[in-house]
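# Summary of structural features
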Amino acid sequence: MERRELLKAAALAGAPAMTAGAARPGGAAVTALVGRSPADVLRKAPPVNLDRAYEIMERRGLDGMVVSNPVSVYHLTGFWPATSRMGYGPGAYALLSRDPQQRIGVVAADFTYYYLLSDNQYEYPYQVFLFTAPTDREQLAAAKAGRFETAPAAAAPRMFPDRRREPQTATERSRGGAVRATLGKQPASPDAEFALVKAIRAMGLARGTIAVDSPQLERLFTAAALPARTVAADEPLQLIRVIKSPREVELMRLAATANREAALAAAGAARAGATYRELRSTFYAEAARRGNRGVFMVIGGVSAEGVDRTLRDGDAFLFDAVSEGAGYHGDFARTVFVGEPSATMKRVTAGIELGWAAVRDALRPGLKLSQITAIGHDTLKKAGYDFFVAFGPHSVGLYHTDAVGLGDFALQAGMILSVDCPVMQSGIGGTAHLEDLTLITANGSQPIHPTGAPTIQV
């Protein structure tokens, strides 16, 4: 046992340095967060790579975009209403014009802006259009039947009333001030549709070709008799997302490093008698300690979280751990040996390491996804390995796989890539995997988090 505890400590020592008092499995101390917070990263500008967005809109003949999906709204604005995670409909919308003189537009409910969005205090000068509620619903219906030509009266904004028994806090003053300043520039609309139409017209998006991401937005253009032609925004949004801005790269570094540390902490909890449930709960807890939110963890090739198994001495199993921080995903996988691995599993993991090294050295702009897979397969074949490893590349960012449907695209600088390296066969004495996140640079690639050993023995 002493030897295994030593190996466990050695595996954990491969993690990036943590502050004093860092938590270990079973410990009480909470890991201190290191580095800039996401809000600091986004203080000056939203996550999106605007140069890339303008390029894609120009290439696709788009005059602008109007989006309601919370992920896309966050990408364009840095705002992510908590209400979108509570089952409510869109609490905010984002508008982007191809004209760089037009700042990004935000349409939001008054209370959403007051109680959620204004707290960010971002410095980027968004165009904000707030909506409250109609004072007369019959007038609202008639105005919509009239093609949204004239907006009916809007109710007063909802803000907490000041009881004046104690001085307002800085947050209370800031929230109220933000709403009043916004309404001073742009009066409130009676509902979301009127606010969207106002924003679309004000930003010059009522004509030309506009990409939208929902049938509701498409219907709104028709209902308001806007002459613009609407097209689906899915593919343009993916094309924009795959090339990260410097802010996105920094957010990805923070998220991926926290994810790796949490995954290694979970691996350190592995031992004969430990359960899959214990490892998963350790990963999710350690991710939360570091500011991330657990998304999923595959253990031993088992994705179903309701399945629980007990580890035994001699087991060899993969774990694939994914969590997100500020919307951006970390993705990290390794093989864990409980005690001494079999000769077969030693050979399997050595082959994976060899194939990934060849792939990693080849990553650079211009290389296609299919070529990445071929390099991995050819390397194993030439080395005499007769088992199958996927070597499956995918772009990672606001989604675990954020370029679904783009096909066999070529790498470009600014992409963040995962190459999944699991063994896709049974009867080898266990399961095995190796995965890191890699930033494509102008001349090659670099990992965006510390990598460490390709296997972990406990």
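Residues numbered from 1 in each chain as written. Predicted model: local features only at pLDDT ≥ 70, side-chain atom pairs only at ≥ 80, totals over all residues. Heavy atoms only, no water.

### Some remarks on the overall build of the chain
Under the convention used in this document: The helix and strand labels rest on DSSP assignments: H or I over at least four residues marks a helix, E over at least two residues marks a strand, and numbering proceeds from the N terminus. We call a residue buried when its accessible area falls under 20% of the maximum for its residue type, exposed when it is over 50%, and partly exposed in between, using a 1.4 Å probe and counting protein chains only. Note on contacts: a residue pair qualifies if any of its non-hydrogen atoms lie within 4.5 Å across the two residues. In this tally, Lys and Arg are treated as positive and Asp and Glu as negative; His is ignored, and so are the chain termini. For the purpose of locating charges, the reference atoms are NZ of Lys, CZ of Arg, CG of Asp and CD of Glu.
For the chain, the count of helices and strands is 14 helices and 14 strands. Expressed along its principal axes, the backbone C-alpha trace of the chain runs to roughly 75 × 55 × 35 Å. The buried share of the chain, reckoned over its 458 residues, is 50%. Long-range pairs, those at least 24 residues apart, make up 70% of the contacts in the chain between residues at least 6 apart in sequence. Here the chain holds 50 positive side-chain charges and 45 negative ones, and the gap between their average locations is 2 Å.

### Focus on the sheet that holds strand S2 (residues 92–97)
We count it as follows: Any two strands with at least two DSSP-identified bridges between them are counted as paired. Axes, fitted as lines to C-alpha atoms, cover a helix only where it is in contact. Angles between the N-to-C directions of the axes lie from 0 to 180 degrees.
Strand order in the open sheet formed by six strands is S4-S3-S2-S1-S5-S6, and the pairing between neighbours is mixed. Sheet topology places strand S4 (127–131) and strand S6 (229–232) at the edges, where each strand pairs with a single neighbour. Averaged over neighbouring strand pairs, the angle between their axes works out to 20 degrees when direction is ignored. Contacting strand S1 (64–67) and S2, helix H3 (residues 50–60) runs over the sheet at an angle of about 70 degrees to S2.

### Brief notes about helix H12 (residues 276–289)
As a reminder, the rule being used: Given a helix with a known number of residues, its expected span is that number minus one, times 1.5 Å. Arc definition: it is the arc formed by the directions from the helix axis to the C-beta atoms.
The end-to-end C-alpha separation of H12 is 20 Å, in line with the 20 Å expected for 14 residues at 1.5 Å each. Among all positions in H12, only Tyr276, Leu279, Arg280, Thr282, Phe283, Glu286 and Ala287 are buried. With its buried residues spanning 160 degrees around the axis, H12 presents them on a single face. Considering only its buried residues, H12 is in contact with helix H11 (246–268), strand S7 (293–299) and strand S8 (316–325). Positioned one or two residues after H12, Gly291 has a phi angle of 90 degrees, which is positive.

### Focus on the nonpolar core
Side chains that are nonpolar tend, in soluble globular proteins, to be buried together. Basically, it comes down to this: Definition used in this section: a nonpolar core is a set of buried Ala, Val, Leu, Ile, Met, Phe, Trp, Tyr and Cys residues joined via side-chain atoms within 4.5 Å.
One finds Leu363, Ile372 and Leu411 to be the most contacted residues of the largest nonpolar core, which totals 80 residues. Ranked by residues supplied to this core, first place goes to helix H13 (residues 343–362) with six residues. With residues near it in sequence (within four places) discarded, Leu363 still touches Trp356, Ile372, Leu411, Leu417, Thr438, Ile440, Gly444 and Ser445. Judged by nonpolar contacts, the second largest core, of 28 residues, contains Val66, Phe131, Ala206 and Leu226.

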